[in-house]
Amino acid sequence: AAGVIQSPRHLIKEKRETATLKCYPIPRHDTVYWYQQGPGQDPQFLISFYEKMQSDKGSIPDRFSAQQFSDYHSELNMSSLELGDSALYFCASSQGQGGDSPLHFGNGTRLTVT
Amino acid sequence: DQQVKQNSPSLSVQEGRISILNCDYTNSMFDYFLWYKKYPAEGPTFLISISSIKDKNEDGRFTVFLNKSAKHLSLHIVPSQPGDSAVYFCAASARGDYKLSFGAGTTVTVRA
């Protein structure tokens, strides 16, 4: 079965640079979520989109922005990168909105900021 | 503030025996609970869920129990298999919400 696709798998950037992470949800899934998992930490919710509109916002820095496109893929844009942004970034998708549909996660993008 | 807590960071169990993973939550608005399994270098994989109208949900070797009054849920894996060795995350959400709150995870090691 098709899963959530994230690209790139690994990304190395320097401080103050910009990074763009991409997420392609499972077909027919209309909701996309972004999570950040730091070393030794549980995943933290960043932001979500339902039908191309932002639906919820978590602990996402102002330096980050995201959007969902007409084909439902999503991109997380990160500017003025800091060392503390080094983490695993997961995208997840689900069908429908609300809290009763399981999220299916991609394999993540490992971002390293040097 | 950690709203979902998994107080056991690790669990070691003999192959063929039962694995019991525990999870506690503090937010009384949570009404949908999920367990995810995660292998290294992979994203969390959905295992099983339960809504607050039930107290038990079973899917093959996996059973989730929910005790709403105690704000506690558990995952039972019977029988445990070596391929079950992974990190297990408990997660919760409130109906109408869009995000999951995760516990810190429990690393399960199944010994042959």
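Refer to the preceding data block for the structure.
A brief report on the enclosed structure follows. (Residues numbered from 1 in each chain as written. Chains lettered and ligands numbered in written order. Predicted model: local features only at pLDDT ≥ 70, side-chain atom pairs only at ≥ 80, totals over all residues. Heavy atoms only, no water.)

**A few points about unusual backbone geometry**
Working step 1: Residue Ser 7 of chain A is joined to Pro 8 of chain A through a cis peptide bond whose omega torsion reads -10°.
Working step 2: Within the secondary structure, Pro 8 of chain A is located in the loop between β1 (5-7) and β2 (10-13).
Working step 3: Between Val 78 of chain B and the following residue, Pro 79 of chain B, the backbone shows a cis peptide bond with an omega angle of -10°.
Working step 4: Relative to the assigned elements, Pro 79 of chain B resides in the loop between β8 (72-77) and β9 (86-93).
Working step 5: The phi angle at Glu 51 of chain A is positive, at roughly 50°, despite the residue not being glycine.
Working step 6: In this fold, Glu 51 of chain A is placed in the loop between β5 (44-50) and β6 (53-57).
Working step 7: Although it is not a glycine, Ser 80 of chain A sits at a positive phi angle of roughly 45°.
Working step 8: When its relative accessible area of 40% is taken as the criterion, Ser 80 of chain A is described as partly exposed. (Helix = DSSP H or I, 4+ residues; strand = E, 2+ residues; numbered from the N terminus. Buried < 20%, exposed > 50% of the residue type's maximum accessible area, 1.4 Å probe, protein only.)

**Describing the state of the cysteines**
Residue and element names in this part refer to chain A.
Working step 1: Under the counting rule described, the total for this entry stands at 2 disulfides over all chains.
Working step 2: Sulfur-sulfur distance for the disulfide between Cys 23 and Cys 91 comes to 1.7 Å. Judged by the sign of its S-S torsion, about -60°, the bond between Cys 23 and Cys 91 is left-handed. Of this pair, Cys 23 sits in strand β3 (residues 19-24) while Cys 91 sits in strand β9 (residues 87-94), placing them 68 residues apart in sequence. Neither Cys 23 nor Cys 91 differs from the other in exposure class; each is buried. (Disulfide = S-S within 2.5 Å.)

By themselves, these are just geometric observations and shouldn't be taken as functional.
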